[in-house]
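Topology and contacts: notes
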Amino acid sequence: MSLVISQLAVDCADPYALAQWWARVLEWDLAYDPTPEDDEVSIVPADRSDEWIFLKVPEVKTVKNRLHVDFRPANDTDQDTELARLLDLGATRVDVGQGDVAWHVLADPEGNEFCLLKRTPAQVAADEA
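Here's a quick rundown of the structure.

Cut-offs and rules
- Residues numbered from 1 in each chain as written.
- Predicted model: local features only at pLDDT ≥ 70, side-chain atom pairs only at ≥ 80, totals over all residues.
- Heavy atoms only, no water.
- Disulfide = S-S within 2.5 Å.
- Buried < 20%, exposed > 50% of the residue type's maximum accessible area, 1.4 Å probe, protein only.
- Pairing = 2+ DSSP bridges.
- Helix = DSSP H or I, 4+ residues; strand = E, 2+ residues; numbered from the N terminus.
- Phe/Tyr/Trp six-rings, centres within 6.5 Å; stacked < 30°, edge-to-face > 60°.
- Salt bridge = Lys/Arg side-chain N within 4 Å of Asp/Glu carboxyl O.

This paragraph deals with the state of the cysteines. Taken as a whole and assessed by the stated rule, the structure comprises zero disulfides. Cysteine Cys-115 is unpaired, with the sulfur of Cys-12 as its nearest cysteine sulfur at 20 Å. The class for Cys-115 is buried, based on a relative accessible area of 8%.

This is the structure we're talking about:
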């Protein structure tokens, strides 16, 4: 038996704003027509195969995430292009002690860390062939 991921849940102070930000980053859609007052807001890709749900919580983020998402640039782009796009959208660079590495550690507007890796899926597949 195996599991299928249903949702990625993200605790946050402002689900409406953070969901909209991540929808722009991932080029996904809002799952429904949320309002700024909603305590949970979901985003989905066009095929609705995934769902990220942003949940309002009263506490603020105070330490490094215990779980984070790593992203690769799509095959039609590269790390430099995606880094510039993410920074233009409002991501910030974060130092979590990673040192000199090939990936970038970034944070969303509420401080949730994520990584932008260097190689595209095609480059990874070619290296593994």
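In this structure, strand 6 (residues 92-93) lies alongside strand 7 (residues 104-107), joined through two bridges in antiparallel fashion. Within strand 7, the residue paired with Arg-93 across the bridge is Leu-106. By the bridge criterion, four bridges tie strand 7 to strand 8 (residues 113-116) in an arrangement that is antiparallel. If you follow Val-105 over to strand 8, its bridge partner there is Cys-115. Hairpin connection of strand 7 to strand 8: five residues between the antiparallel strands, including Gly-111 at a positive phi of 90°.

The next point concerns the packing of aromatic side chains. Aromatic ring pairs are defined here through the distance separating the ring centres and the angle between the ring planes. A full pass over the atoms with the stated rule returns nine aromatic pairs. Here Trp-22 and Phe-114 contribute two aromatic rings whose centre-to-centre distance is 5.0 Å and whose plane-to-plane angle is 70°, an arrangement assigned as edge-to-face. Here Trp-22, found in helix 1 (residues 15-26), pairs with Phe-114, found in strand 8; they are 92 residues apart in sequence, far enough to count as distant. Taking relative accessible area as the criterion, Trp-22 reaches 4% and is therefore assigned buried. Taking the relative accessible area as the measure of exposure, Phe-114 reaches 2% and is therefore buried. Ring plane angle 70° and centroid distance 5.8 Å describe the contact between Trp-28 and Trp-52, whose orientation is recorded as edge-to-face. In this pair, Trp-28 is assigned in the loop between helix 1 and strand 2 (29-30) and Trp-52 in strand 4 (residues 52-56), connecting sequence segments 24 residues apart. Under the relative-accessibility criterion, Trp-28 is labelled buried at 17%.

A separate point is the pattern of salt bridges. Counted according to the given criterion, the structure contains three salt bridges. Notably, a salt bridge pairs Glu-82 with Arg-85, separated by 2.8 Å at the nearest N-O pair. Of this pair, Glu-82 and Arg-85 both sit in helix 2 (residues 79-89), three residues apart, which is roughly one turn of that helix. On the basis of relative accessibility, which here comes to 14%, the residue Glu-82 falls in the buried class. By relative accessible area, Arg-85 is classed as partly exposed at 24%.

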